[in-house]
Amino acid sequence: MTPVAKKQLWRAIASLVITAAVVAALFLLPSARVYLWLKAVHVIAVIAWMAGMLYLPRLFVYHCKAEPGSQQSETFKVMEHRLLTVIVNPAMVVVWAVGLWLAWEGPDPRYGWFASGWLLAKLVLVVVLSGVHGMLSRWVRDFAADQNRHSEKFYRIINEVPTLLMIAIVLLVIIKPF
């Protein structure tokens, strides 16, 4: 493992440890307070995850225009890798961990796992969003190996998928239509 890879690995581990420590500390608060704090952490993590999910395909659009092996291409590789490993991946882990806890421990039984269709629909959409995350991760690896197989137009279209999923998820959470 190269020194740069070791440094990146340690940064990722440090951010996960800090996140876990903060979440663990919240368990020392009274349970109603814990729920509110974790809800805030969940929203913050969702914002970070979505920011990365919206920015990464935009980087791909510009990366398509760069000549493989050029200084510009190498810069995009670093940006894409750091965005994915430092922001997007940890944010997704926090979204899932805290989100599942919130769904399990929800303060209102009307919004429990099986009592509300909106929650199940939201979970399905979050699974789809996680699949998009996986595809973006794959494309970061492809660009890193100078093996991009898609066009600039493809990434422009893909850039809209997380937005549409986010809109649907937010509407389900706020409106709770069923």
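Going by the structure above, here's the rest.
Okay, so let's go over this structure. Keep in mind that what you see is a predicted model, and the values were worked out from it rather than measured.

Calculation criteria
Numbering of residues begins from 1 in every chain and follows the order in which that chain's sequence is written. Where totals are concerned, whole chains, interfaces and linings use all residues; where local detail is concerned, this predicted model gives features only for residues with pLDDT of at least 70, and gives and counts side-chain atom pairs only at 80 or more. Just so you know, side-chain values use all the structure's heavy atoms and leave hydrogens and water out. Working definition: helices are DSSP H or I runs of at least four residues, strands are E runs of at least two. Numbering for both runs from the N terminus. Burial status follows relative accessibility: with a 1.4 Å probe on protein chains alone, a residue under 20% of its type maximum counts as buried, one over 50% as exposed, and anything between as partly exposed. Any two residues having at least one pair of non-hydrogen atoms within 4.5 Å are treated as being in contact. Here the accessible surface of atoms and residues is derived via Shrake-Rupley with a 1.4 Å probe, and residues count as covered only by protein chains that are part of the display. Between the rings of Phe, Tyr and Trp (Trp by its six-membered ring), a pair exists once the centres lie within 6.5 Å; its type follows the angle of the planes, with under 30 degrees stacked, over 60 edge-to-face, and the other angles tilted. Charge over a ring is defined by NZ of Lys or CZ of Arg lying within 6 Å of the ring centre and within 35 degrees of the ring normal. Throughout, an axis means a line fitted to C-alpha atoms (over the contacting stretch in the case of helices), and angles, computed between N-to-C directions, take values from 0 to 180 degrees. An angle below 35 degrees is read as roughly parallel, one above 145 as roughly antiparallel, one from 65 to 115 as roughly perpendicular, and any other as oblique. Here is the rule for handedness: rotate from the far helix to the near one, and if that takes an anticlockwise turn smaller than a right angle the crossing is left-handed, while a clockwise turn gives right-handed. Put simply, Ala, Val, Leu, Ile, Met, Phe, Trp, Tyr, Cys and Pro go in the nonpolar bin, Asp, Glu, Lys and Arg in the charged bin, and everything else, Gly too, in the polar bin. When a carboxyl oxygen of Asp or Glu lies within 4 Å of a side-chain nitrogen of Lys or Arg, that pair is called a salt bridge.

**Structural notes on the overall build of the chain**
Assigned secondary structure in the chain consists of six helices and zero strands. Taken from the N to the C terminus, the helices and strands of the chain come in the order α-α-α-α-α-α. Within the chain, the proportion of its 178 residues that are buried is 33%. Residue pairs in contact within the chain that sit at least 24 positions apart in sequence constitute 73% of those at least 6 positions apart. Carbon together with sulfur atoms contributes 72% to the accessible area of the chain, which is approximately 10,500 Å² in total.

**Overview of the packing of aromatic side chains**
Counted according to the given criterion, the structure contains seven aromatic pairs. Each ring, one from F154 and one from Y155, has its centre 5.3 Å from the other, and the planes form 75°; the classification is edge-to-face. By relative accessible area, which is 27% here, F154 ends up partly exposed. Owing to a relative accessible area of 0%, Y155 belongs among the buried residues under this scheme. Taken together through their ring pairs, the aromatic side chains of F60, W139, F143, F154 and Y155 make up a single cluster. Sitting over the face of the ring of W118, K176 holds its NZ or CZ atom 4.7 Å from the ring centroid.

**Considering the packing of helix α4 (residues 117-144) against helix α6 (residues 160-175)**
Packing of α4 against α6 leaves a shortest axis separation of 9 Å and a crossing angle of 160°. When the axes of α4 and α6 are compared, the pair comes out roughly antiparallel. When you trace α4 past α6, the crossing you get is left-handed. Residues W118, A121, K122, L125, V126, V128, L129 and V132 of α4 form the contact with α6, whose participating residues are V161, P162, L165, A168, I169, L172 and V173. When grouped by side-chain class, the residues that make up the contact of α4 with α6 number 14 nonpolar, no polar and one charged.

**Notes on the pattern of salt bridges**
Within this structure, the stated rule accounts for six salt bridges. The partner of D142 in a salt bridge is R138, and the shortest N-O contact between them spans 3.2 Å. With a gap of four residues between them, D142 and R138 both fall in helix α4, about one helical turn apart. With a relative accessible area of 4%, D142 lands in the buried category. With a relative accessible area of 36%, R138 lands in the partly exposed category. Linking D142 and R149 is a salt bridge whose minimum nitrogen-to-oxygen distance equals 3.1 Å.

**Points about the environment of I44**
Here I44 is to be found in helix α2 (residues 31-65). For the pair I44 and V95, spaced 51 residues apart in sequence, the C-alpha to C-alpha distance is 8.7 Å.

**Some thoughts on the environment of L36**
Assignment of secondary structure puts L36 in helix α2. Overall, L36 belongs to the exposed group, its relative accessible area being 52%. Between the C-alpha atoms of L36 and L102, which are 66 residues apart in sequence, the distance is 9.4 Å.

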